[in-house]
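# Examination of the molecular architecture
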Amino acid sequence: TERGKLQIANLLGCKALDGQRSYTICGEPCYMSPEKISNLGYDHTADYWAIGVLVYELLTGRTPFGLHYTNENELFSQIMEWNEEKYTDIRSIDDETNRFIEALMSSNDRQRLGSGDGVEEIRSHPFLSDIDWDAFINDDGGQSPLLSFALDLKKRHEDHGPMEDAEEADMVHDAFIDTLFTSIF
C-alpha cells in the first residue's frame, strides 16, 4: 500500500478449506510447495512454505531455487528435491533466521512450522520474538517502517553501490528483521 504495508493483491483463488485439502494448482511457480506441485493435495501450510521462500528471497535477493530457471519443469524439480538437510545456510543470515526459514520450508507439510497451532505457532518462533503483535494489530495508520527502511536502503545502494562486508550486511539484516514481519503478520 502507499503506507508501506504488505497487502494480498488477489484473493480470487482463495477458498476456505475447513480441514480439507485442495488440489487446485495455482500461484506463482517459485512459491509453490512440494505437495502442491505433486498434486497430492495441500492445505494452509502451503502458504507457510511460500512465506519461507519470500523471507529467503527478501534476505538474499533470490529464491532458494536460484534467480532464473529455464522452464517451470526445472523449477518444479528443484522444489520437489528440496530437503532442509541439504539447505545451505546463507552466511549473511544468522542461525535463528536460517532455522525459521528451514522450519517454514520443511518438505513434510505435517512438520512445517505452523502445521500445529497455525499462525500462533509462527508468531511465537524466536525469530519473531521482538515483534509487538498487539501494536501491529492495533495499527495507528502511520507509514510502515519497512517502507522507510526500503527507501533508505535503495538510496544507499544508488549512492554507494551494493553491500560488500559482513558487518554492513548484519546491520541491514537486523534492521530488516525488525521491520519485515510487522508488515506481513
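A short tour of the structure in this document, coming up. Please read these numbers as outputs of a predicted model, since none were measured by experiment. (Residues numbered from 1 in each chain as written. Predicted model: local features only at pLDDT ≥ 70, side-chain atom pairs only at ≥ 80, totals over all residues. Heavy atoms only, no water.)

### Observations concerning the overall build of the protein chain
Counted only if it meets this: Helix numbering and strand numbering both begin at the N terminus, where a helix is a DSSP run of H or I of at least 4 residues and a strand a DSSP run of E of at least 2. The contact criterion used is simple: two residues touch if any of their non-hydrogen atoms lie within 4.5 Å. Only the protein chains shown count as cover for residues, and the accessible areas themselves come from Shrake-Rupley with a 1.4 Å probe.
Counting its secondary structure elements, the protein chain contains eight helices and zero strands. Reading the helices (α) and strands (β) of the protein chain from amino to carboxyl end gives α-α-α-α-α-α-α-α. Partitioning the contacts of the protein chain with sequence separation of at least 6, the portion at a separation of at least 24 is 59%. With an accessible surface of roughly 11,100 Å², the protein chain has 50% of that area assigned to carbon and sulfur atoms.

### Topic: the environment of Glu 57
As for its placement among the helices and strands, Glu 57 is situated in helix H2 (residues 45-60). Among all residues touching Glu 57, those that are not within four sequence positions of it are Tyr 31, Arg 62 and Thr 63.

### Some words on the packing of H2 against helix H4 (residues 95-104)
Here is the rule: Axis definition: a line fitted to C-alpha atoms, over the contacting stretch in the case of helices. Angles run 0 to 180 degrees between N-to-C directions. Handedness of a crossing follows from how the near helix is turned relative to the far one, being left-handed for an anticlockwise turn of less than a right angle and right-handed for a clockwise one. Amino acid classes used here: Ala, Val, Leu, Ile, Met, Phe, Trp, Tyr, Cys and Pro are nonpolar; Asp, Glu, Lys and Arg are charged; the rest, including Gly, are polar.
The contact between H2 and H4 brings their axes to 7 Å, and the two run at 145 degrees. For the element pair H2 and H4, the recorded crossing hand is left-handed. Contacts between H2 and H4 pair Tyr 48, Trp 49, Ile 51, Gly 52, Val 55, Tyr 56 and Leu 59 from the former with Thr 97, Phe 100, Ile 101 and Leu 104 from the latter. The residue inventory of the contact of H2 with H4, partitioned by class, reads nine nonpolar, two polar and no charged.

### Focus: the packing of aromatic side chains
Here the distance between the centres and the angle between the planes together describe a pair of aromatic rings. What counts here: For this analysis, a ring pair means two rings from Phe, Tyr or Trp (six-membered ring only for Trp) whose centres lie within 6.5 Å, classed as stacked if their planes differ by under 30 degrees, edge-to-face if by over 60, and tilted for the remaining angles. Accessibility here uses a 1.4 Å probe with only protein chains present; expressed as a share of the type maximum, an area under 20% marks a residue as buried, one over 50% as exposed, and anything in between as partly exposed.
The tally for this structure, following the rule as stated, stands at four aromatic pairs. Geometrically, the ring pair formed by Trp 49 and Trp 82 is edge-to-face, given 6.3 Å between the ring centres and 85 degrees between the ring planes. Placement of the pair is Trp 49 in helix H2 and Trp 82 in the loop between helix H3 (72-80) and H4, with a sequence separation of 33 residues. Under the relative-accessibility criterion, Trp 49 is labelled buried at 0%.

### Brief notes about the environment of Gln 20
With respect to the helices and strands, the residue Gln 20 is situated in the segment before helix H1 (34-37). In the structure, Gln 20 is positioned 23 residues away from Asp 43 in sequence and 7.1 Å away in space, judged by C-alpha atoms.

### Observations concerning the side chain of Thr 45
Relative to the elements of secondary structure, Thr 45 occurs in helix H2. When neighbours within four sequence positions are excluded, Thr 45 is seen to be in contact with Glu 35, Asp 109, Arg 112 and Ser 115.

### With respect to the pattern of salt bridges
Condition: Whenever Lys or Arg places a side-chain nitrogen within 4 Å of a carboxyl oxygen from Asp or Glu, that contact is recorded as a salt bridge.
Taken as a whole, this structure holds six salt bridges when the rule is applied. Taking the shortest distance from any N to any O, the salt bridge between Arg 21 and Asp 109 comes out at 2.9 Å. With Arg 21 in the segment before H1 and Asp 109 in the loop between H4 and helix H5 (119-123), the pair connects residues that are 88 residues apart, well separated along the chain. Taking the relative accessible area as the measure of exposure, Asp 109 reaches 10% and is therefore buried. A salt bridge links Arg 112 to Glu 35, with the shortest nitrogen-to-oxygen separation between them at 2.7 Å. Residue Arg 112 is found in the loop between H4 and H5, and its partner Glu 35 is found in helix H1; the two are separated by 77 residues along the sequence. A single salt-bridge network, built from bridges that share partners, covers Arg 21, Asp 43, Asp 109 and Arg 110.

### Here's the deal with the nonpolar core
Applicable threshold: Here the nonpolar core consists of buried residues drawn from Ala, Val, Leu, Ile, Met, Phe, Trp, Tyr and Cys, with membership extended through side-chain atoms lying within 4.5 Å.
In terms of nonpolar packing, the biggest core is built from 25 residues, with Trp 49, Phe 65, Phe 100, Leu 104, Met 105, Ile 122 and Leu 128 touching the most fellow members. Contributing elements (two or more residues each) for this core: H2, H3 and H4. When residues in this core are grouped by element, the largest group, seven residues, is from H2. Setting aside chain neighbours within four positions, we find Leu 104 in contact with Tyr 48, Trp 49, Ile 51, Gly 52, Arg 112, Leu 113 and Ile 122.

So, to be careful, I would describe these as geometric facts and stop short of saying anything about function.
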